[in-house]
Amino acid sequence: MSVDDKALAKARYSRSNWPPLDATTGPSAPSSLTASAVSATQIDLAWGGSTGTVTRYYIERKLGAAGTYAVIDSVASGTTTYANTSLASATQYFYRVRACNAGVCSAYSNEASATTGQLAPGAPPSLGATAVSASQINLAWGASSGTVTTYRIERKTGAPISAFGKDGIVDL
């Protein structure tokens, strides 16, 4: 071994080139991420916790399969659920989570997606009924708010209509 080879070997293995003994290692990736639509405006996330030191979990979301991920929030270590609220209805969202500590982050979790439900339309306003004859009643109402594909009309025959009064059920 030449003098130059010895100097190179010594430089490669000198204590100053080793990683610090207190180096922070990254946590493992969160596991088994799931996304569940619980309403027209909320998706709940859950995942398996990471091993290693975790200070925060960072939650990322993208809109649709072709979207771009962006951090939407973070939660403290020990928390493995998240409720994403105030979402648009009838929209597909994709999520991923990573665990971080002291500037070192894990790989991303698996990707999970869910689609929010459709908002129910508002009740039709101004229902009116006009008796045209002994066998015909015409109904009229204002348009509902929201997306409406069908109006369902129900009729009750027989016993009088019941309503709740301050003293209980009252026949009208």
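Residues numbered from 1 in each chain as written. Predicted model: local features only at pLDDT ≥ 70, side-chain atom pairs only at ≥ 80, totals over all residues. Heavy atoms only, no water.

Observations concerning the packing of aromatic side chains
- Scanning all chains against the criterion turns up one aromatic pair.
- The ring of Y108 has R96 sitting right over it, with the charged end atom 3.6 Å from the ring centre. (Phe/Tyr/Trp six-rings, centres within 6.5 Å; stacked < 30°, edge-to-face > 60°. Lys NZ or Arg CZ within 6 Å of the ring centre and 35° of its normal.)

Description of a nonpolar patch on the surface
- Nonpolar side chains collect at one region of the surface, where L127, I137, L139, W141, V148, Y151 and I153 lie side by side and expose about 660 Å² of accessible area between them.
- Structurally, the position occupied by L139 is in strand 10 (residues 136-140).
- Residue class for L139 comes out partly exposed when judged on its relative accessible area of 40%. (Patch = residues over 30% accessible without salt bridge, like charges linked within 9 Å, V, L, I, M, F, W, Y side chains within 5 Å. Areas by Shrake-Rupley, 256 points an atom, 1.4 Å probe, with all protein chains shown as cover. Salt bridge = Lys/Arg side-chain N within 4 Å of Asp/Glu carboxyl O. Helix = DSSP H or I, 4+ residues; strand = E, 2+ residues; numbered from the N terminus. Buried < 20%, exposed > 50% of the residue type's maximum accessible area, 1.4 Å probe, protein only.)

Comments concerning the pattern of salt bridges
- By the definition in use, this model includes two salt bridges.
- For the salt bridge of R96 with E60, the shortest nitrogen-to-oxygen distance reads 2.8 Å. With a gap of 36 residues between them, R96 in strand 6 (residues 92-101) and E60 in strand 3 (residues 56-63) connect regions that are remote in the sequence.
- Among the residues examined, E60 registers a relative accessible area of 7% and is labelled buried.
- Between E111 and K62 there is a salt bridge, with the nearest N and O atoms lying 3.6 Å from each other. Pair noted here: E111 is in the loop between strand 7 (104-105) and strand 8 (112-115) and K62 is in strand 3, with a separation of 49 residues, a long-range link.

Looking at the environment of S39
- Mapped onto the fold, S39 is located in the loop between strand 1 (31-37) and strand 2 (43-48).
- Judged by its relative accessible area of 31%, S39 is partly exposed.
- Distance in space between the C-alpha atoms of S39 and T115 is 9.5 Å, their sequence separation being 76 residues.
- For S39, the contacting residues outside a window of four places in its chain are T116 and G117.
- A distance of 3.1 Å separates the side chain of S39 from the backbone nitrogen of T41, its partner in a polar contact. (Contact = heavy atoms within 4.5 Å. Polar contact = N/O pair within 3.5 Å; in protein donor to acceptor, adjacent residues only side chain to side chain.)

Regarding the state of the cysteines
- Taken as a whole and judged by the stated rule, the model has one disulfide.
- Shown here is the disulfide that connects C100 with C105, its sulfur atoms set 2.0 Å apart. Disulfide C100 to C105: torsion about the S-S bond roughly 110 degrees, handedness right-handed.
- Exposure remark for C100: the relative accessible area of 7% places this residue in the buried category. (Disulfide = S-S within 2.5 Å.)

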